[in-house]
Amino acid sequence: MRSCLLLLPALLLLLTLPDTRGRYNDDFDDGEDLAEFDDNDFAEFEDVNEDPTVEVENEPPPKPAPSSIPVEDDEDEATVEIEDGQDEFEDADAQDQDMFSKYDKDEFEGYEKTNSPFKDTLIYQDVPAHLQNSWESYYMEILMVTGLLAYIMNYIIGKNKNSRLAQAWFNSHRELLESNFALVGDDGTSKEATSTGKLNQENEHIYNLWCSGRVCCEGMLIQLKFLKRQDLLNVLARMMRPTCDQVQIKVTLNDEDMDTFVFAVGSRKAMSRLQKEMQDLSEFCGDKPKSGAKYSLPDSLSILSEMAEVTDGVMDSKMVHYITNHADKIESIHFSDQFSGPKIMQEEGQPLKLPETKKTLLFTFNVPGMGNTSPKDMDSLVPLMNMVIYSIDKVKKLRLNREGKLKADRNRARVEENFLKQTHAQRQEAAQTRREEKKRAEKERIMNEEDPERQRRLEEAAQRREQKKLEKKQMKMKQIKVKAM
């Protein structure tokens with residue numbers, strides 16, 4: 001009975017062993033099913049270990065299926081299957097190391113390996129200053145645009161101011177001019193002289209006014225020479241050296257309405273400059289400028305005169321009154337019957353004829369303000385225009401006495417003689433050049449003659465003319481010798 005009880009557990013154990021084997025055999029029928037199950041089961045671990053940035057040329061061979069190790073335990077009487085998952089992760093790391101070990105180490109010489117071989121340190125270089133998109137990169141363009149705008153604004157402002165000053169001068173002098181001249185403001189565009197009653201603008205800083213139709217004068221040209229306020233560079237230059245606006249008046253007299261004399265009065269600096277530049281003052285007023293203290297003139301003014309008689313005749317009480325009260329505005333006053341303009345420079349060549357002269361009165365007045373002129377300052381120039389009108393009448397009445405007239409004629413004869421001496425050699429050269437050109441033209445005409453007989457006759461005629469000229473020259477030489485004896 002006791003032996004039967006011992007055999008009963010052994011029979012139960014034998015019966016349960018085939019069922020266990022059958023269950024595992026049903027789940028894994030063959031090697032292929034087992035391999036597929038194992039591959040799919042560990043696929044997500046392989047994807048995690050693989051680096052997506054690394055391209056592998058040859059895929060690794062499929063891993064063998066993990067082995068199932070049955071273990072029999074006497075106490076539990078069960079089979080335990082151990083899955084080798086940890087070895088799978090170790091194989092993936094080993095595979096990555098084998099993949100990077102195939103590169104040549106010499107290719108990375110000097111390369112320091114960091115903790116993370118897949119992360120490269122980026123170095124950001126600073127952008128050069130001339131490539132940076134900032135206002136500092138366009139400072140040259142900004143300066144150019146600013147300068148251009150400043151020049152345009154200064155041009156508009158300066159031009160408008162000169163125009164206002166010119167119109168203010170004309171408005172203050174118009175009544176006086178129209179009362180003394182029949183024609184005021186002729187522009188010269190029409191054949192018939194017409195009075196336009198307005199200034200003619202020559203450019204942005206020069207305005208002209210032509211007046212005519214008065215006794216003893218052909219006409220009067222008034223020129224308003226303002227500063228170049230429209231020019232920015234000229235404005236900057238005047239900051240260093242201030243100057244003033246000027247009014248220049250040129251009166252052309254008739255030949256019979258002025259006697260023969262040359263006279264000038266003005267500032268010392270202006271007289272010295274005019275004596276060097278003007279042809280008539282340099283020839284007829286050779287002495288240094290003299291002081292006007294004798295006529296109670298300010299020390300800032302000096303006089304150039306051909307004769308003392310002329311100075312006494314011009315500087316009467318009324319003329320002295322005008323000059324003394326407006327000495328600061330007077331630059332120069334120039335009366336001349338031999339006015340021909342500035343001297344001819346040596347580079348331009350010496351003329352063979354005396355320059356044409358005109359009996360002229362010249363006035364140069366400075367506008368008050370030294371560049372900071374306002375339209376109201378133009379009213380202060382009206383008394384000077386009255387002086388101009390008075391000077392025209394004064395010169396017409398002034399006549400030299402007999403001695404003064406003879407001295408003036410001798411001075412003009414001396415100037416003409418000196419001029420002929422200076423140009424004698426040039427006139428001889430010019431005459432010799434004309435003779436040579438005439439001979440050359442005659443020889444060319446003879447050589448171009450096609451008829452030989454006519455050519456011979458022309459040559460004989462030319463020789464006869466040369467012979468006659470030579471005989472005449474010899475006769476003159478004999479006459480000179482006889483007179484000398």
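Attention here is on the structure that accompanies the text. Just so it is clear, the model here is predicted, and its values are computed rather than measured.

Looking now at the overall build of the protein chain. Helix and strand content of the protein chain: 13 helices and 10 strands. Every one of the 485 residues in the protein chain was classed for burial, and the buried ones make up 29%. Long-range pairs, those at least 24 residues apart, make up 69% of the contacts in the protein chain with a sequence separation of at least 6. When the accessible surface of the protein chain is summed, it comes to about 34600 Å², and 53% of that surface belongs to carbon and sulfur atoms.

As a further point, take helix α10 (residues 317-325). Since the α-helix advances by 3.6 residues per turn, residues separated by three or four positions end up pointing in the same direction. Considered for burial, the residues of α10 that qualify are Met319, Val320, Tyr322 and Ile323. Projected down its long axis, α10 carries its buried residues within an arc of 160 degrees, all on one side. Buried-residue contacts for α10 involve β6 (262-267), β8 (301-305), α9 (308-314), β9 (330-339) and α11 (382-397).

Turning next to the pairing of strand β3 (residues 206-212). With six of its seven residues buried, β3 lies for the most part within the structure. Taken together, the two bridges between strand β1 (residues 183-184) and β3 define a ladder with antiparallel strand orientation. By the bridge assignment for β3, Val184 is matched with Cys211. Where strand β2 (residues 200-201) lies against β3, two bridges are found, and the strand directions are antiparallel. Within β3, the position partnered with Asn200 by the bridge is Asn208. Counted along the chain from β2 to the antiparallel partner β3, the turn is four residues long. Where β3 meets strand β4 (residues 217-225), six bridges bridge the pair, whose relative direction is antiparallel. When the sheet's bridge partners are listed, Trp210 is paired in β4 with Leu221.

Taken as a whole and judged by the stated rule, the model has five aromatic pairs. With centroids separated by 5.8 Å and ring planes inclined at 65 degrees, the aromatic side chains of Phe335 and Phe363 adopt a geometry described as edge-to-face. One end of the pair, Phe335, is in strand β9; the other, Phe363, is in strand β10 (residues 358-366), and 28 residues separate them in sequence. Comparing Phe335 with Phe363, the two get one shared label, buried. Joined through ring pairs, the aromatic side chains of Phe263, Phe335, Phe363 and Phe365 make up one cluster. Between the NZ or CZ atom of Arg412 and the centre of the ring of Phe284, over which it lies, the distance is 4.7 Å.

In this structure the tally under the stated criterion is 11 salt bridges. Between Asp259 and Lys405 there is a salt bridge, with the nearest N and O atoms lying 3.1 Å from each other. Of this pair, Asp259 sits in the loop between β5 (246-253) and β6 while Lys405 sits in helix α12 (residues 402-447), placing them 146 residues apart in sequence. Among the ionic pairs, Asp337 bridges to Arg412, the shortest N-O distance being 2.8 Å. In this pair, Asp337 is assigned in strand β9 and Arg412 in helix α12, connecting sequence segments 75 residues apart. What makes Asp337 buried here is its relative accessible area of 4%. Among the residues examined, Arg412 registers a relative accessible area of 13% and is labelled buried. A cluster of three or more residues bridged by salt bridges with shared partners is formed by Arg273, Glu277 and Glu331.

Of all hydrophobic cores here, the largest spans 60 residues; its most connected members are Trp169 and Phe335. Of the residues forming this core, the biggest block, eight residues, is contributed by α11. Once residues within four sequence positions are removed from consideration, Trp169 is found in contact with Leu177, Leu209, Ile222, Leu224, Val247, Met378, Leu381 and Met385. Among the nonpolar cores identified, the runner-up in size contains 12 residues, and Met271, Phe284, Leu304 and Val415 belong to it.

With that settled, the discussion passes to the pairing of β8. Summarising burial for β8: four of the five residues are buried, a large majority. Judged from the five bridges that link them, β6 and β8 form a sheet pairing that is antiparallel. Bridging across to β8, Phe263 finds its partner in Ser305.

Quick look at the packing of α10 against α11 now. In the contact formed by α10 and α11, the axes pass within 10 Å of each other and the chain directions differ by 155 degrees. When the axes of α10 and α11 are compared, the pair comes out roughly antiparallel. The way α10 lies across α11 gives a crossing that is left-handed. Counted together, Lys318, Met319, Tyr322 and Ile323 of α10 and Pro383, Asn386, Met387, Tyr390 and Ser391 of α11 form the full contact between these two elements. Grouping the amino acids of the contact of α10 with α11 by side-chain chemistry returns six nonpolar, two polar and one charged.

Okay, a positive patch on the surface next. Side chains of Arg434, Arg435, Lys438, Lys439, Arg440, Lys443, Arg464, Lys468, Lys469, Lys472, Lys473 and Lys476 sit close together on the surface and give a patch of like positive charge. Within the fold, Lys473 resides in helix α13 (residues 452-484). Residue class for Lys473 comes out exposed when judged on its relative accessible area of 56%.

Turning our attention to the side chain of Asp337. There is a polar contact of 3.3 Å between the side chain of Asp337 and the side chain of Gln338. Of the polar contacts made by the side chain of Asp337, one reaches the side chain of Arg412; its length is 2.8 Å. The contacts of Asp337, once residues within four sequence positions are left out, are Met258, Asp259, Thr260, Phe261, Val262, Thr357, Lys358, Lys359 and Arg412.

Time to look at the packing of helix α5 (residues 139-180) against α11. Between α5 and α11, the shortest axis-to-axis distance is 10 Å and the interhelical angle comes to 25 degrees. Taken together, α5 and α11 sit at an angle that is classed as roughly parallel. Considering how the two elements wind past one another, α5 and α11 form a crossing that is right-handed. Two secondary-structure elements touch here, α5 through Trp169, Ser172, His173, Leu176, Leu177 and Asn180 and α11 through Val382, Met385, Asn386 and Ile389. In the contact of α5 with α11, the residues fall into six nonpolar, four polar and no charged.

Rules used in this analysis
Residues numbered from 1 in each chain as written. Predicted model: local features only at pLDDT ≥ 70, side-chain atom pairs only at ≥ 80, totals over all residues. Heavy atoms only, no water. Helix = DSSP H or I, 4+ residues; strand = E, 2+ residues; numbered from the N terminus. Buried < 20%, exposed > 50% of the residue type's maximum accessible area, 1.4 Å probe, protein only. Contact = heavy atoms within 4.5 Å. Areas by Shrake-Rupley, 256 points an atom, 1.4 Å probe, with all protein chains shown as cover. Arc of directions from axis to C-beta. Pairing = 2+ DSSP bridges. Phe/Tyr/Trp six-rings, centres within 6.5 Å; stacked < 30°, edge-to-face > 60°. Lys NZ or Arg CZ within 6 Å of the ring centre and 35° of its normal. Salt bridge = Lys/Arg side-chain N within 4 Å of Asp/Glu carboxyl O. Core = buried A, V, L, I, M, F, W, Y, C linked by side-chain atoms within 4.5 Å. Axes fitted to C-alpha atoms, helices over the stretch in contact; angles between N-to-C directions. Parallel < 35°, antiparallel > 145°, perpendicular 65-115°, else oblique. Left-handed = near helix turned anticlockwise from the far one by under 90°. Nonpolar A, V, L, I, M, F, W, Y, C, P; charged D, E, K, R; others polar. Patch = residues over 30% accessible without salt bridge, like charges linked within 9 Å, V, L, I, M, F, W, Y side chains within 5 Å. Lys, Arg positive; Asp, Glu negative; His and termini not counted. Charge placed at Lys NZ, Arg CZ, Asp CG, Glu CD. Polar contact = N/O pair within 3.5 Å; in protein donor to acceptor, adjacent residues only side chain to side chain.

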